[in-house]
Amino acid sequence: MSLFLAIFVLIYGGMHLYTFLKAKSSLSFGLPIAIPLAVFMLLMILSPVFVRLLEKADHELSARMLAYVGYVWMGLLVIFISIAFATDLYRLLIHITAPLAKKDLTAFIPAPRITFYATFILSLLICFYGYFEAKNIKAERLTIKTNKIPKEMGQLKIVQISDVHVGLIVREKRINKIVEIIKREKPDILISTGDLVDGVMADVDGLSSLISSIETVYGKYAVTGNHEFYAGLGHALDFTKKAGFVVLRGAGATVSGILNIAGVDDSAGIPSGQSKIVDEGELLSTLPRDKFTLLLKHRPEVDEKAIGLFDLQLSGHTHNGQIFPFTLLVKFSYEKLAGLYLLEKGSKIYTSRGTGTWGPPIRFLSPPEVTIITLVYEEGK
């Protein structure tokens, strides 16, 4: 965790340094502005650490206030830097093109002060829009035809949530909205593919009870995500179980003789020994092949040895980048970024964009979702 913290501070500090230098060169301010701005930026760099310390010390109000300020600033900074990089590339392109075209193209370059203010105002507008996009949870629908569910049943409805990140920012209002959508769908099975909880506060029982009020026909099943280990595995598992979920940690079961569900821990717990590497092929091979098999795995990574042994893998983790253009960067790490992907031997994987938010309570061009998967019986499928 200390290595992760060091890398985070280095990267996040670098983003602040870039922004500070950009502001200094564009606005040409002196020490009376530079010093307070530098102090503010230093506080913002360390704010995620302070939030976690305040949370652990049970200072919920202070932790929540700092979380909102720090994480909204983080979102604003990400958007500002993305636009600023684009303007820097534009300037570089003009400077490269001018000698080649043998023309003076400086008229096409706005003054640095104007560019800075325009970038900042546009960032504020996107941030404002993104705050409301994060609250606009979509019901994403997926239909899969199969002959592996009972013919007399006709269809089976599975609802997936992922990356809710219950904590200081995702609280009663957001959870109530999620619960309302799920209850309206009347699911046969409810699935959580990790990062359900992201806080260490003691007062989460009321929040877990909101989720536990959801009724299903065949139960609720969950797996851990990386943030369950960051928040404290014992605390996270307790919350998840109180919310009514059976947590599958390298285990599988046939549910009511209808379908198989298997789940594995997120790899974040392996270095600390809190989880172990599971041979997914071996795990899935113990389940009856004539039943539809769901594999729950937080990260959208496919074990080649398991292909053909599951019908549908449900994953999350990516948030689809959460804030564009990070969507493009996350795509480099996770090829199966969001949506449905067909694999070999009849297997499929669906990656949720996530139901909540991590860090900034902002989404841009990546709306949150509750996924409704309907398995429909069809002969020969």
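Throughout, a residue's number is its position along its own chain's written sequence, starting from 1. Restriction of local features to residues with pLDDT of at least 70 applies here, the model being predicted, together with a cutoff of 80 or more for giving and counting side-chain atom pairs; totals for whole chains, interfaces and linings are based on all residues. Just so you know, side-chain values use all the structure's heavy atoms and leave hydrogens and water out.

What follows is about the overall build of the protein. When helices and strands are counted, the protein shows 10 helices and 12 strands. Against the 2.2 N^0.38 benchmark of 21 Å for 381 residues, the protein shows a C-alpha radius of gyration of 23 Å, consistent with a compact globule. In terms of overall dimensions, the protein has C-alpha extents of about 75 × 55 × 40 Å along its principal axes. A 1.4 Å probe rolled over the protein chains alone gives each residue an accessible area, and that area as a share of the maximum for its type sets the label: buried under 20%, exposed over 50%, partly exposed in between. For the protein, the residues scored as buried account for 52% of the 381 residues in total. Nonlocal contacts in the protein, meaning residues at least 24 apart in sequence, comprise 75% of its contacts between residues at least 6 apart. Counting every atom, the protein has about 17,900 Å² of accessible surface; 65% of that belongs to carbon and sulfur. The distance from the centre of the 40 positive side-chain charges to the centre of the 35 negative ones in the protein is 6 Å. In this text, helices come from DSSP runs of H or I with a minimum length of four residues, and strands from runs of E with a minimum of two, each type numbered from the N-terminal end. Based on C-alpha atoms, the radius of gyration is set beside the globule rule, defined as 2.2 Å times the residue count to the power 0.38. Here, two residues are considered to be in contact whenever any of their heavy atoms come within 4.5 Å of each other. Computed with a 1.4 Å probe, the accessible areas rest on the Shrake-Rupley method; for each residue, only the protein chains presented here act as cover. Neither His nor the chain termini are counted; the positive set is Lys and Arg, and the negative set is Asp and Glu. Where a charge sits is defined by one atom per residue type, namely NZ (Lys), CZ (Arg), CG (Asp) or CD (Glu).

The omega angle of the peptide bond from Phe324 to Pro325 is 15 degrees, so this bond is cis rather than trans. At Asp195, a residue that is not glycine, the phi angle is positive and equals roughly 55 degrees. For Asp195, a relative accessible area of 1% puts it in the buried group. Phi at His317 takes a positive value of approximately 80 degrees, unusual for a residue other than glycine.

A word on the sheet that holds strand 2 (residues 155-161). Two strands are counted as paired when DSSP detects at least two bridges linking them. Spatially, the 6 strands line up as an open sheet ordered 1-12-2-3-4-5, and their pairing is mixed. The outermost strands of the open sheet, each flanked by one partner alone, are strand 1 (138-146) and strand 5 (246-247). The pairing of strand 1 with strand 12 (residues 369-377) spans 9 bridges and is parallel. Counted as the bridge partner of Glu140 is Thr371 from strand 12. In the packing of helix 5 (residues 172-185) onto the sheet, contacts are made with strand 1, strand 2, strand 3 (189-192) and strand 12, and the angle to strand 2 comes to roughly 175 degrees. Axis geometry follows a simple rule: fit a line to the C-alpha atoms, using only the stretch in contact for helices, then measure angles between N-to-C directions, giving values from 0 to 180 degrees.

The criterion is simple. A nonpolar core is a set of buried Ala, Val, Leu, Ile, Met, Phe, Trp, Tyr and Cys residues joined through side-chain atoms within 4.5 Å. Grouped together as the largest cluster of nonpolar side chains are 35 residues, with contacts concentrated most on Tyr12 and Trp73. Secondary-structure elements contributing two or more residues to this core are helix 1 (2-27), helix 2 (31-56), helix 3 (60-101) and helix 4 (112-133). Among the elements that make up this core, the one with the highest residue count is helix 3 (14 residues). Once residues within four sequence positions are removed from consideration, Tyr12 is found in contact with Met44, Ile45, Gly70, Trp73, Met74 and Leu77.

Position of Gln313 relative to the elements: it lies in strand 9 (residues 312-315). Residue Gln313 is classed as buried on the basis of its relative accessible area, which comes to 0%.

Our focus in this paragraph is the sheet that holds strand 9. As summarised here, the arrangement of the 6 strands in space is 6-7-8-9-11-10, forming an open sheet in which the pairing is mixed. Of all strands in the sheet, those bounded by a partner on one side alone are strand 6 (251-255) and strand 10 (339-342). Neighbour-to-neighbour, the strand axes of the sheet open up by a mean angle of 20 degrees, direction not taken into account. By the bridge criterion, 5 bridges tie strand 7 (residues 259-263) to strand 8 (residues 292-296) in an arrangement that is parallel. Counterpart to Gly263 in the pairing with strand 8 is Leu296.

Pairing analysis gives 5 bridges linking strand 6 to strand 7, with the strands arranged antiparallel. Directly across from Ala253, in strand 7, lies its bridge partner Ile261. Where strand 6 folds back onto strand 7 in an antiparallel hairpin, the turn is made up of 3 residues, including Ser256, whose phi is positive at roughly 50 degrees.

The next point concerns the packing of aromatic side chains. Pairing of aromatic side chains here covers Phe, Tyr and the six-membered ring of Trp, requires ring centres within 6.5 Å, and sorts the geometry by plane angle: under 30 degrees stacked, over 60 edge-to-face, intermediate tilted. A complete count under the given rule lists 10 aromatic pairs for this structure. When the centroid spacing of 4.9 Å and the interplanar angle of 50 degrees are considered together, the rings of Tyr18 and Phe85 count as tilted. Placement of the pair is Tyr18 in helix 1 and Phe85 in helix 3, with a sequence separation of 67 residues. Judged by its relative accessible area of 45%, Phe85 falls in the partly exposed class. Between Phe40 and Trp73, the aromatic rings sit 5.1 Å apart at their centres with planes inclined by 80 degrees, giving edge-to-face as the arrangement. Residue Phe40 is found in helix 2, and its partner Trp73 is found in helix 3; the two are separated by 33 residues along the sequence.

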